[in-house]
Amino acid sequence: MTPGEAESLCVCSEAAGGAPRESAAESANRKAVNLKILPLDAAELIRFGSILDQRPAILRGETVGIALARSLLKVRTREGRTARLNANPAQRLFEERRGRQNIVLKARQMGITTWTAARFFLKTISRPGTLTLQVAHTQQAAEEIFAIVHRFVNLLPEPLRKGPLKTGRSNVRQIVFPALDSQYRVVTAGDRNAGRGLTVQNMHCSELARWPGNPAEILAGLRASLEPEGELILESTPDGVGGCFHELWLKAPETDMVRHFFPWWLEKRYRAAAADPATLSEEERALIRKHGLDLEQIGFRRKLRADYRSLVQQEFAEDDESCFLASGQSVFEIDALDERLKTVSEPVESRFNGDLAIWLPPVAPKKYLLAVDPAGGGNDGDYSAIQVLEVETGLQCAEFAGHVGGLELARIVTTLAREYNRAWVVVERNNHGSGVLAYLESPCECERVYWQGGRQNGQPGWLTTSLSRPAALGRLGAALVDEPMRFQSRRLLAECRTFVRLPNGNAAARAGAHDDRVMAMAIGLAAREEMVGKSSFQLLASSF
């Protein structure tokens, strides 16, 4: 930071006008350092743009961006007033840890969308040639974000608004700053042309967990428009296990993406009448010890649980695991899934880079079956899934899920069937299944392929129909409640969490999630029921 730049920063002792009330201690600690920004021309703006992330001593630990936002930008408070943008605790924590690529998991109304809009707005108006793109999950959300940005523009100091930041052509989703050759756009995830043909420097994907259609595909297209050194912020409240956002959150450490988690108690307004210390539960005492919550926050937490019931962890997250488990749309019993998820163990063996997990190796002379839900085999789209079950008990012994198909899948199935005491192989014959069945017969020479209805009068494989599918899923749902210890796979249970009732009444994986393990297990349990129902496997013996 040069001496000239330092001269542009000065300490102002008064608090930012209209800012949320602070305690005396907070006010004394921070002393409301502000920027004197007038007069500020294009050259000064560009100079600030080069030091936005710096923390000069005069700002007592704040970045130039935080101070500039407080001095330049105004927002509408929850009470409907206009106030300077004074960064709240969650926003400050984000600034402290922010990287080039970020993924943000948060409780409701933490101000991250507003702060992202502010940060990217400052970068847009202080770095010539910048294109910022914010992507909302719905039209209404896009309008709300754009209203925030418009307020930034309309309430800028007049010398800036009529000088270097005078806007040019604008529409309902775009603001252009001709003097800087910069622009700010807000679009919806449903716009398939969003980002196409653009080179974007700043990208914010808001409420990614709730994007329509195929979020992973939409996001991939958008990220292709982000320049290599561009800044990316993926942000959302949780919406169940599985799906694009959840998978990106889990994989963040492997992809150099910085994870940010903001629980509800970071918002200082989340308080209610103090809880009686004599009534505190052990869970509440643990929260007080671990996170320093006070009795007013515990009171607010109790009110949340009364108002939101099963959705409270989803809407007001407390940790980065249980918040994903919260969902009220699952076809299967949530409580049963949650209880089993707490106790599942890791596989004793894995193969194929983790695609095959084995919990219970084969034991002679037990009988086994392999249920197969085939897919096309491409790197995108559905997985081919195999569930290995012990016939007598229905116990899950092993699971495979990978992007393989055709002959490669048939060979994996054959090898696994031979390993499990020449297990019976039940293949869904819909779609890709007919080809897999042909490969199993020749060249794989799989020994025991299930024929629905027997070899003499039936057909190879299992046919999923509008009648057999609900029955098979119902049997799986009952087993999850009655005998949850049958199921060993955390990934299967996670898929059950995101297997939801769609608006048209059908049951399937929610957008961006998968149900291949679920369907393979449902088919396996249905076929096992038929097999066990035949004395001494009469049907199967006659068809072999």
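Residues numbered from 1 in each chain as written. Predicted model: local features only at pLDDT ≥ 70, side-chain atom pairs only at ≥ 80, totals over all residues. Heavy atoms only, no water.

(A) Focus on the overall build of the protein chain. Scanning the protein chain from N- to C-terminus turns up 21 helices and 19 strands. By residue count, 52% of the 544 residues in the protein chain fall in the buried class. Long-range pairs, those at least 24 residues apart, make up 68% of the contacts in the protein chain between residues at least 6 apart in sequence. For the protein chain, the exposed area adds up to about 24,700 Å²; of that, 50% sits on carbon and sulfur atoms. (Helix = DSSP H or I, 4+ residues; strand = E, 2+ residues; numbered from the N terminus. Buried < 20%, exposed > 50% of the residue type's maximum accessible area, 1.4 Å probe, protein only. Contact = heavy atoms within 4.5 Å. Areas by Shrake-Rupley, 256 points an atom, 1.4 Å probe, with all protein chains shown as cover.)

(B) Region of the structure containing the packing of helix 6 (residues 112-126) against helix 7 (residues 139-154). Close contact between helix 6 and helix 7 brings their axes to 10 Å; oriented N to C, the two are set at 45 degrees. The angle between helix 6 and helix 7 falls in the class oblique. Pair helix 6 / helix 7 crosses with right-handed handedness. Here T113, T114, A117, A118 and F121 of helix 6 lie close against helix 7, whose contacting residues are I145, I148, V149, F152 and V153. For the contact of helix 6 with helix 7, the class distribution of residues is eight nonpolar, two polar and no charged. (Axes fitted to C-alpha atoms, helices over the stretch in contact; angles between N-to-C directions. Parallel < 35°, antiparallel > 145°, perpendicular 65-115°, else oblique. Left-handed = near helix turned anticlockwise from the far one by under 90°. Nonpolar A, V, L, I, M, F, W, Y, C, P; charged D, E, K, R; others polar.)

(C) Highlighting the nonpolar core. Counting residues in each nonpolar core, the largest one holds 60 residues, and the members touching the most others are L73, F121, F152 and W264. When residues of this core are traced back to their parent elements, those giving at least two are helix 3 (42-49), helix 4 (64-72), helix 5 (89-97), helix 6, helix 7, strand 5 (174-177), strand 6 (182-188) and helix 12 (295-308). Beyond its immediate chain neighbours, meaning those up to four positions away, F152 contacts L73, K74, V75, L85, T114, A117, A118 and F121. Counting 32 residues, the second largest nonpolar core, distinct from the first, contains F332, L337, A371 and M519. (Core = buried A, V, L, I, M, F, W, Y, C linked by side-chain atoms within 4.5 Å.)

(D) Spatial organisation of the confidence of the model for the protein chain. When the pLDDT values of the protein chain are averaged, the result is 84; 86% of them are 70 or greater. The lowest-confidence element of the protein chain is helix 2 (residues 24-30), averaging 36 in pLDDT; the highest-confidence one is strand 13 (residues 384-390), averaging 97. Note on residues 1-35: pLDDT under 50 across the span, and 67 contacts to partners over four residues away in sequence or across chains. Note that pLDDT drops below 50 for residues 535-544; the model gives that stretch 17 contacts with residues more than four away or on any other chain. (pLDDT = per-residue confidence, 0-100.)

(E) How the structure looks around the pattern of salt bridges. Tallying each qualifying case throughout the model produces 31 salt bridges. With a closest N to O distance of 3.3 Å, E207 and R210 form a salt bridge. Residues R305 and E318 are paired through a salt bridge, measuring 3.7 Å at the closest nitrogen-oxygen approach. Separated by 13 residues along the polypeptide, R305 in helix 12 and E318 in the loop between helix 13 (312-315) and helix 14 (322-325) bring together distant segments of the chain. Under the relative-accessibility criterion, R305 is labelled partly exposed at 27%. Each of D53, E95, R98, R119, K123 and E231 takes part in one network of salt bridges that share partners. (Salt bridge = Lys/Arg side-chain N within 4 Å of Asp/Glu carboxyl O.)

(F) Expanded view of the sheet that holds strand 10 (residues 349-351). Taking strand neighbours across the sheet as the criterion, the six strands line up as 10-11-14-13-12-15 in an open arrangement whose pairing is mixed. If you trace the sheet from one side to the other, it starts and ends with strand 10 and strand 15 (424-427), each paired once. Neighbour-to-neighbour, the strand axes of this sheet turn through a mean angle of 15 degrees, independent of strand direction. Summarising the sheet, strand 13 and strand 14 (residues 396-402) pair through six bridges and their orientation is antiparallel. Looking at the pairing, S384 lines up with G402 of strand 14. Where helix 16 (residues 406-419) meets the sheet, its contacts fall on strand 10, strand 11 (356-358), strand 12 (368-373), strand 13, strand 14 and strand 15, and the angle it forms with strand 13 comes to roughly 10 degrees. (Pairing = 2+ DSSP bridges.)

(G) The packing of helix 15 (residues 334-343) against helix 19 (residues 490-497), seen in detail. For the pair helix 15 and helix 19, interaxial distance at closest approach is 10 Å and the crossing angle is 160 degrees. On the basis of their axis angle, the class for helix 15 and helix 19 is roughly antiparallel. Along this stretch, helix 15 crosses helix 19, giving a crossing that reads as left-handed. Along the contact surface, helix 15 presents I334, L337, D338, R340 and L341, while helix 19 presents R490, L493, C496 and R497. Looking at side-chain class alone, the contact of helix 15 with helix 19 contains five nonpolar, no polar and four charged residues.

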